[in-house]
Amino acid sequence: QVQLVESGGGLVQAGGSLRLSCAASGRTFSNYMMGWFRQAPGKEREFVAALTRSGGVTTYTDSVKGRFTISRDNAKNTVYLQMNSLKPEDTAVYYCAASDGRSFSRTHDSRTYAYWGQGTQVTVSS
């Protein structure tokens, strides 16, 4: 089992920045690919970003490319999502997730992930 706890959400004005953190406990953190997803009210959960076990390869959904950065610190068992130039449409509950899958090409698919955090609310005002 892997336990994930997100933090760092909040209310920010458009154009502002937030950094989300996701602390992992349980099994060896570096054994897992990690991802961030988000879910806005009335919408399905969508992929935001993911990175490999080492953090050397990352992928993003098009709408956040150039604004968001995913990273990890395996020594601290933590994955981060730095969010800059935030827009009102970024408003959502953000979830981190862990996958022990073998294919990084499937990290856009939520079914790849076995473990999820409880989520943290991000609200961007216009």
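Above this text sits the structure in question.
Given the structure is predicted, the values throughout are model-derived calculations rather than measurements.

Description of the pattern of salt bridges
Here's step 1: Evaluation of the coordinates by the stated rule reveals six salt bridges.
Here's step 2: The shortest N-O distance in the salt bridge between Asp62 and Lys65 comes to 3.0 Å.
Here's step 3: Taking the relative accessible area as the measure of exposure, Asp62 reaches 63% and is therefore exposed.
Here's step 4: The partner of Arg67 in a salt bridge is Asp90, and the shortest N-O contact between them spans 2.8 Å. With Arg67 in the loop between strand E6 (58-60) and strand E7 (68-73) and Asp90 in the loop between strand E8 (78-83) and strand E9 (92-99), the pair connects residues that are 23 residues apart, well separated along the chain.
Here's step 5: Through salt bridges with shared partners, a single network forms among Arg38, Glu46, Arg67 and Asp90.

Notes on the side chain of Glu6
Here's step 1: Of note, Glu6 is situated in strand E1 (residues 2-7).
Here's step 2: Despite its burial, Glu6 pairs with no opposite charge, the nearest such side chain being Arg45 at 7.7 Å.
Here's step 3: Polar side-chain contacts of Glu6 include one of 2.9 Å to the backbone nitrogen of Cys96.
Here's step 4: Reaching out from Glu6, the side chain makes a polar contact with the backbone nitrogen of Gly119 at a distance of 2.9 Å.

Comments concerning the pairing of strand E4 (residues 33-39)
Note on strand geometry: in a regular strand, side chains alternate between the two faces of the sheet.
Here's step 1: Of all seven residues in E4, six are buried; the element is thus mostly enclosed.
Here's step 2: Sheet topology places E4 next to E9; seven bridges connect them, and they run antiparallel. When the bridges of E9 are listed, Arg38 appears paired with Tyr94.
Here's step 3: Both E4 and strand E5 (residues 46-51) contribute to a ladder of five bridges, which runs antiparallel. Opposite Met34, over in E5, you have Leu51 as the bridge partner.
Here's step 4: In textbook terms, the turn of a hairpin is the stretch between consecutive antiparallel strands, and for E4 and E5 this stretch comprises six residues, one of which, Gly42, has a positive phi near 75°.

A look at the state of the cysteines
Here's step 1: Overall, the coordinates contain one disulfide when judged by the stated rule.
Here's step 2: Between Cys22 and Cys96 runs a disulfide, and the two sulfur atoms are separated by 1.9 Å. Classification of the bridge connecting Cys22 and Cys96 rests on its S-S torsion, roughly 45°, and on that basis the disulfide is right-handed. With Cys22 in strand E3 (residues 18-26) and Cys96 in strand E9, this residue pair connects regions lying 74 residues apart in the sequence.
Here's step 3: Overall, Cys22 belongs to the buried group, its relative accessible area being 0%.

So, the environment of Tyr95
Here's step 1: Secondary-structure assignment places Tyr95 in strand E9.
Here's step 2: Linking Tyr95 and Thr120, residues 25 residues apart in sequence, is a C-alpha distance of 6.7 Å.
Here's step 3: Setting aside anything within four residues of it in sequence, one finds Tyr95 in contact with Glu6, Gly35, Trp36, Phe37, Gln39, Arg45, Trp116, Gly117, Gln118 and Gly119.

What counts as what
- Residues numbered from 1 in each chain as written.
- Predicted model: local features only at pLDDT ≥ 70, side-chain atom pairs only at ≥ 80, totals over all residues.
- Heavy atoms only, no water.
- Salt bridge = Lys/Arg side-chain N within 4 Å of Asp/Glu carboxyl O.
- Buried < 20%, exposed > 50% of the residue type's maximum accessible area, 1.4 Å probe, protein only.
- Helix = DSSP H or I, 4+ residues; strand = E, 2+ residues; numbered from the N terminus.
- Lys, Arg positive; Asp, Glu negative; His and termini not counted.
- Polar contact = N/O pair within 3.5 Å; in protein donor to acceptor, adjacent residues only side chain to side chain.
- Pairing = 2+ DSSP bridges.
- Disulfide = S-S within 2.5 Å.
- Contact = heavy atoms within 4.5 Å.

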